[in-house]
Amino acid sequence: MKTYSSLNLIQQDLKDGSVTCSQLVEHYLSTIESKKHLNALVEVYADEAKTKAIEIDLKISKGNAGPLAGMVVTLKDVLSHKDHSLQGSSKILKGFKAQYSGTAVERLIKADAIIIGRTNCDEFGMGSSNENSSFGNVLNDVDNTRVPGGSSGGSAVAVQANLCLASLGSDTGGSVRQPASFCGIAGLKPTYSRISRHGLIAYGSSFDCIGIFAKEVDDIAIVLEVIAGCDEFDSTVSKINVPSYHKSANESHPKVKIGYIKETLESEGLNEEIKQSILDQLKSLKEEGHKVEEVDFPLLEYILPTYYILTTAEASSNLSRYDGVKYGFRTSGPVPLEQMYKKTRTEGFGEEVKRRIMLGTFVLSASYYDAYYNKAQKVRRLIRENTKKLFSKYDFLITPTSPTTAFKLGEHSTDPLAMYLADLYTVQASVCGLPAISLPIDHDQNGLPIGTQVIANDFEEGKLLAFSKYLMKLV
Ligand code: GLN
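Residues numbered from 1 in each chain as written. Predicted model: local features only at pLDDT ≥ 70, side-chain atom pairs only at ≥ 80, totals over all residues. Heavy atoms only, no water.

Caption draft 1: Broad picture of the overall build of the protein. Summing up its helical and strand segments, the protein has 17 helices and eleven strands in all. Expected size for 475 residues packed as a compact globule is a radius of gyration near 23 Å; at 21 Å, the protein falls within 12% of this value. Referenced to the eigenvectors of the C-alpha coordinate spread, the extents of the protein come out at roughly 65 × 55 × 45 Å. Counting over 475 residues, the protein shows a buried share of 59%. Considering only residue pairs separated by 6 or more positions, the protein has 75% of its internal contacts joining residues 24 or more positions apart. Of the side-chain charges in the protein, 52 are positive and 57 negative, and the distance between the mean point of each set is 4 Å. (Helix = DSSP H or I, 4+ residues; strand = E, 2+ residues; numbered from the N terminus. Rg over C-alpha atoms; globule rule 2.2 N^0.38 Å. Buried < 20%, exposed > 50% of the residue type's maximum accessible area, 1.4 Å probe, protein only. Contact = heavy atoms within 4.5 Å. Lys, Arg positive; Asp, Glu negative; His and termini not counted. Charge placed at Lys NZ, Arg CZ, Asp CG, Glu CD.)

Rendered as structure tokens:
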């Protein structure tokens, strides 16, 4: 059976009967089996997916199937899926089963997507290489000695290696865009509050977004259309209407104004080939008649520290709920209550998560609150105001997604700072709450994918997706 790269092609074949959902599911299951060594999926719902496929084939024959009929998807292990295990790839949630499905998951199911498995990730979304998972590393399918990026590494590889057509991940500071870039696929982080966070395990609540991975921009558009919008379970979700992203992605493209931030291309540590690739893309856009200008953003160096102060603070509070009483894992043996909390948390959390809880507790502590947490909040506002100003002049900002291509497994595991630098370009959109996408536009000399990041103004996903399609064709 042929391997499909877009829902459009699948639905054409479903329509003329040349393929069925059952055959599709069988095909994905056999690919999952043959690519087990990648460790992208931590659980496969084989029987359930087969049953669902029969149901949807019947609906197709009756002409009442939902918009995602034929789409086989996976979910990052931070998304609640009723009666399925949910662990955030952490030992501390071992044995925990989701009591309800989150809104995005519920909407996927209602639209007739078939959920085939749960994907590996960095513990609670904290990491940039998928090396902080209690389920072990995930391998990049382009080169098995390299990381897939993180934290949604399993989701990125699941799409990259054709274990599913699309995957939902979460992006707090780049966790969808950076792995998409390392794996040569597309990954969207929408505007903060575009998609309900109900049923998403919290990491940094004022940053967390559910994001979407696929090979084609069209597939991202259609999934976004299904899962975005108002939700009574999350009061932070925007009430702004959800437009037809799918349609707008197919409109012809007008001339636009693009800014590229000088400091991103001058930053130390940016790989030369990536820099050249971005400059070449900007040149092609200019030649096509778009306005392309260099802009200054001297605050760039403050974005990463601001992100890490605020997200660790939020994480230390969010993760306090894992105490061995309410959820999952509890230390063995009879111990006094306080000891039980301590031992459970010491044994249940991984090193990186513990590092962040400690950092976050420190920046929130009475004597340091003003110096760190409060100041970072103010800097966040400055960064957002100054970035928003750029959108009064430009339609899009273009940057590399990551300063490097996929690095080797273990390369940064003893150096947290080097690992944090992998998020240098992705955190700006996160700190500002803006929508941003990573597009698989280029490769380096070793065949490793290079991602281009395009950032748009609040709630301009339609415009962003249309431009993304255009850019992917242009270069
Ligand atoms: N790599 C970043 C971090 O470790 C981003 C993670 C994310 O977006 N969930 O915080």
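Caption draft 2: Molecular detail of the environment of Thr172. Residue placement: Thr172 occurs in the loop between β4 (166–171) and α6 (177–183). Take Thr172: its relative accessible area is 4%, and that puts it in the buried class. Other than its neighbours up to four places away in sequence, Thr172 contacts Tyr203, Gly204, Phe207, Asp208, Tyr307, Thr311 and Ser430. Of the polar contacts made by the side chain of Thr172, one reaches the side chain of Asp208; its length is 2.7 Å. (Polar contact = N/O pair within 3.5 Å; in protein donor to acceptor, adjacent residues only side chain to side chain.)

Caption draft 3: Structural detail: helix α4 (residues 103–110). Those residues of α4 lying buried are Thr103, Ala104, Val105 and Leu108. Against the buried residues of α4 lie β2 (72–76), β3 (114–119), β4, β6 (209–214) and α7 (217–227). Asp112 sits one or two residues past α4 and shows a positive phi near 75 degrees.

Caption draft 4: Representation of the state of the cysteines within the structure. Following the criterion strictly, the structure yields zero disulfides and no others. Cysteine Cys164 remains unbridged, with the sulfur of Cys183 as its closest cysteine sulfur at 12 Å. Left without a disulfide partner, Cys230 is nearest to the cysteine sulfur of Cys209, which lies 16 Å away. (Disulfide = S-S within 2.5 Å.)

Caption draft 5: Local environment of the site of the ligand. For the ligand, the set of nearby residues contains 15 residues, the closest of which are Thr172, Gly173, Ser175, Tyr203 and Tyr307. For the ligand, a nitrogen atom lies 2.8 Å from a polar atom in the side chain of Ser128. Residue composition of the shell around the ligand, by class: four nonpolar, eight polar and three charged. (Near = heavy atom within 4 Å. Nonpolar A, V, L, I, M, F, W, Y, C, P; charged D, E, K, R; others polar.)

Caption draft 6: Quick look at the sheet that holds β2. Spatial strand order, β1-β3-β2-β4-β6-β5-β10-β11-β9-β7-β8: eleven strands in an open sheet with mixed pairing. The two strands at the open ends of the sheet, each matched to only one other strand, are β1 (41–44) and β8 (291–295). Each neighbouring strand pair of the sheet contributes to a mean axis angle of 30 degrees, computed without reference to strand direction. As defined by bridge partners, β1 adjoins β3 across three bridges and the pair is classed as antiparallel. Residue pairing in the sheet places Val44 in a bridge with Gly117 of β3. Lying over the sheet, α7 contacts β4, β5 (186–189), β6 and β10 (436–443), oriented at roughly 145 degrees with respect to β6. Where helix α14 (residues 369–393) meets the sheet, its contacts fall on β7 (257–261), β8, β9 (396–400) and β11 (449–456), and the angle it forms with β9 comes to roughly 120 degrees. (Pairing = 2+ DSSP bridges. Axes fitted to C-alpha atoms, helices over the stretch in contact; angles between N-to-C directions.)

Caption draft 7: Layout of the environment of Leu41. Counting through the fold element by element, Leu41 comes out in strand β1. Distance from Leu41 to Gly154, taken between C-alpha atoms, is 6.3 Å for residues 113 residues apart in sequence. If we skip the residues at most four places from it in the chain, Leu41 touches Ile32, Thr74, Gly117, Arg118, Thr119, Ala158 and Leu163.

Shape descriptors only; they carry no functional weight alone.
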